[in-house]
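The residues making up each chain are set out below.
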Amino acid sequence: NAGVTQTPKFQVLKTGQSMTLQCAQDMNHNSMYWYRQDPGMGLRLIYYSASEGTTDKGEVPNGYNVSRLNKREFSLRLESAAPSQTSVYFCATNPPNRAGELFFGEGSRLTVL
Amino acid sequence: GEDVEQSLFLSVREGDSSVINCTYTDSSSTYLYWYKQEPGAGLQLLTYIFSNMDMKQDQRLTVLLNKKDKHLSLRIADTQTGDSAIYFCAESSGSSNTGKLIFGQGTTLQVKP
């Protein structure tokens, strides 16, 4: 039982390049989330998906797009990467009856040069 | 807007008690959470407290909630070197119980042998 799996774990991009972070969960949860973690700032919500086929903006959505491909997968895309998007990205999911109990992936560390 | 504040660093000796403090602004938050992040890993839920409670105890962990002052604390008794990690306080965004959490900056706990 892998829980929440993120790929890649590390990535270096040049400014202007695009890439997609992948996330998959095998917990059969409806809701999935993308957070970013920056030093001294905690975690901030980028986008979330309450169920398959729906997505909504979080606190810091600018520069990102998401796709809820199916119940298991929720991807985060950077169309034109900027140095300000250098961060550690976490995907998470939660059970419906314990909504604040987030299960996180191990993170994807992205550096934009 | 909603905000959660924590001190950034705490150092204790093994066997001592650790107290990590947090203040929050949204009085409508239904639940308040403590998450733990070990190096290179995602966050894991440690414990949570419902907003109508003053205290919750779970083995070595004690959570105290002062709603009047919007102050939350996490006490770890008999702190061990394995407790060294970053601890995040979080509140649910608004009164709804979802995975849309507002995180503090995180407190790095250093446990010296």
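Residues numbered from 1 in each chain as written. Chains lettered and ligands numbered in written order. Predicted model: local features only at pLDDT ≥ 70, side-chain atom pairs only at ≥ 80, totals over all residues. Heavy atoms only, no water.

An account of the state of the cysteines is needed here, citing residue identities and associated values.
Residues and elements named next belong to chain A. This model, assessed by the stated rule, comprises two disulfides over all chains. Note on cysteine connectivity: Cys23 is disulfide-linked to Cys91, with sulfurs 1.9 Å apart. Classification of the bridge connecting Cys23 and Cys91 rests on its S-S torsion, roughly -75°, and on that basis the disulfide is left-handed. Taken together, the positions of Cys23 in strand 3 (residues 19-25) and Cys91 in strand 9 (residues 87-94) put the pair 68 residues apart, joining distant regions of the chain. Assessed through its relative accessible area of 0%, Cys91 is described here as buried. (Disulfide = S-S within 2.5 Å. Helix = DSSP H or I, 4+ residues; strand = E, 2+ residues; numbered from the N terminus. Buried < 20%, exposed > 50% of the residue type's maximum accessible area, 1.4 Å probe, protein only.)

Go over the interface of chain B and chain A, please, and point to the residues and values.
Each side of the interface is counted separately: chain B has 17 residues, and chain A has 18 residues. Of the roughly 1,400 Å² buried between chain B and chain A, counting both surfaces, carbon and sulfur atoms make up 59%. For chain B, the biggest contributors to the area lost against chain A are Gly99, Lys100 and Phe103 of chain B; these three give 33% of the whole. Counting the contacts that link chain B with chain A gives zero salt bridges. If you list the elements that add at least two residues to the side of chain B that touches chain A, you get strand 4 (31-37), strand 5 (43-50) and strand 10 (101-103) of chain B. Here the side of chain B that touches chain A gets three residues from one element, more than from any other, and that element is strand 4 of chain B. Looking at side-chain class alone, the side of chain B that touches chain A contains eight nonpolar, eight polar and one charged residues. (Contact = heavy atoms within 4.5 Å. Buried area = accessible area lost by both parts, 1.4 Å probe. Salt bridge = Lys/Arg side-chain N within 4 Å of Asp/Glu carboxyl O. Nonpolar A, V, L, I, M, F, W, Y, C, P; charged D, E, K, R; others polar.)

I'd like a description of unusual backbone geometry, backed by residues and values.
In this chain, Thr7 of chain A is followed by Pro8 of chain A through a cis amide linkage whose omega measures -10°. Along the chain, Pro8 of chain A falls in the loop between strand 1 (4-7) and strand 2 (10-13). The phi dihedral of Gln59 of chain B is positive, around 55°, even though this residue is not glycine. Positionally, Gln59 of chain B belongs in the loop between strand 6 (55-58) and strand 7 (61-66).

Mind laying out the sheet that holds strand 7 of chain B, listing which residues take part and the relevant values?
By definition, the strands of a sheet pair up through backbone hydrogen bonds, in either a parallel or an antiparallel sense. Residue and element names in this part refer to chain B. Read from one edge of the open sheet, five strands run 1-3-8-7-6, paired in antiparallel fashion. For this open sheet the edge positions go to strand 1 (4-6) and strand 6, each flanked by a neighbour on one side alone. Recorded for the sheet is a direction-independent mean angle of 15° between the axes of neighbouring strands. The pairing of strand 3 (residues 18-24) with strand 8 (residues 71-76) spans six bridges and is classified as antiparallel. Opposite Cys22, over in strand 8, you have Leu72 as the bridge partner. (Pairing = 2+ DSSP bridges. Axes fitted to C-alpha atoms, helices over the stretch in contact; angles between N-to-C directions.)

Run through the nonpolar core, naming residues and quoting values.
In this structure, Trp34, Leu72, Leu74 and Tyr87 of chain B are the most contacted members of the largest nonpolar core, which totals 20 residues. Sorting the residues of this core by element identifies strand 3, strand 4, strand 7, strand 8, strand 9 (85-92) and strand 11 (107-112) of chain B as the ones contributing at least two each. Once you skip the residues sitting within four places of it in the chain, Tyr87 of chain B turns out to touch Gln6, Ile20, Tyr35, Lys36, Leu46, Leu74, Ile76, Gly106, Thr107 and Leu109 of chain B. Residues Val66, Leu76, Cys91 and Leu110 of chain A belong to the second largest nonpolar core, which totals 19 residues. (Core = buried A, V, L, I, M, F, W, Y, C linked by side-chain atoms within 4.5 Å.)

Residue-level account of the packing of aromatic side chains, with values.
In total, this model carries 15 aromatic pairs over all chains according to the counting rule given. A ring pair is formed by Tyr35 of chain A and Phe104 of chain A, whose centres lie 6.1 Å apart and whose planes are at 50°; its orientation type is tilted. Of this pair, Tyr35 of chain A sits in strand 4 (residues 31-38) while Phe104 of chain A is found in strand 10 (residues 103-104), placing the two residues 69 residues apart along the sequence. Phe104 of chain A sits in the buried class, given a relative accessible area of 11%. An angle of 90° between the planes, with centres 6.3 Å apart, marks the rings of Phe88 of chain B and Phe103 of chain B as edge-to-face. (Phe/Tyr/Trp six-rings, centres within 6.5 Å; stacked < 30°, edge-to-face > 60°.)

Describe the pattern of salt bridges, and please don't skip the residues or the numbers.
Per the stated rule, a full pass over the model turns up seven salt bridges over all chains. Between Arg98 of chain A and Glu101 of chain A there is a salt bridge, and its shortest N-O distance comes to 2.4 Å. Accessibility expressed as a relative area gives 38% for Arg98 of chain A, which makes it partly exposed. For Arg60 of chain B, the salt bridge identified is with Asp83 of chain B, shortest N-O distance 2.9 Å. On the criterion of sequence distance, the pair formed by Arg60 of chain B in the loop between strand 6 and strand 7 and Asp83 of chain B in the loop between strand 8 and strand 9 is long-range, its members being 23 residues apart. Look at Asp83 of chain B and you get buried, because its relative accessible area is 7%.

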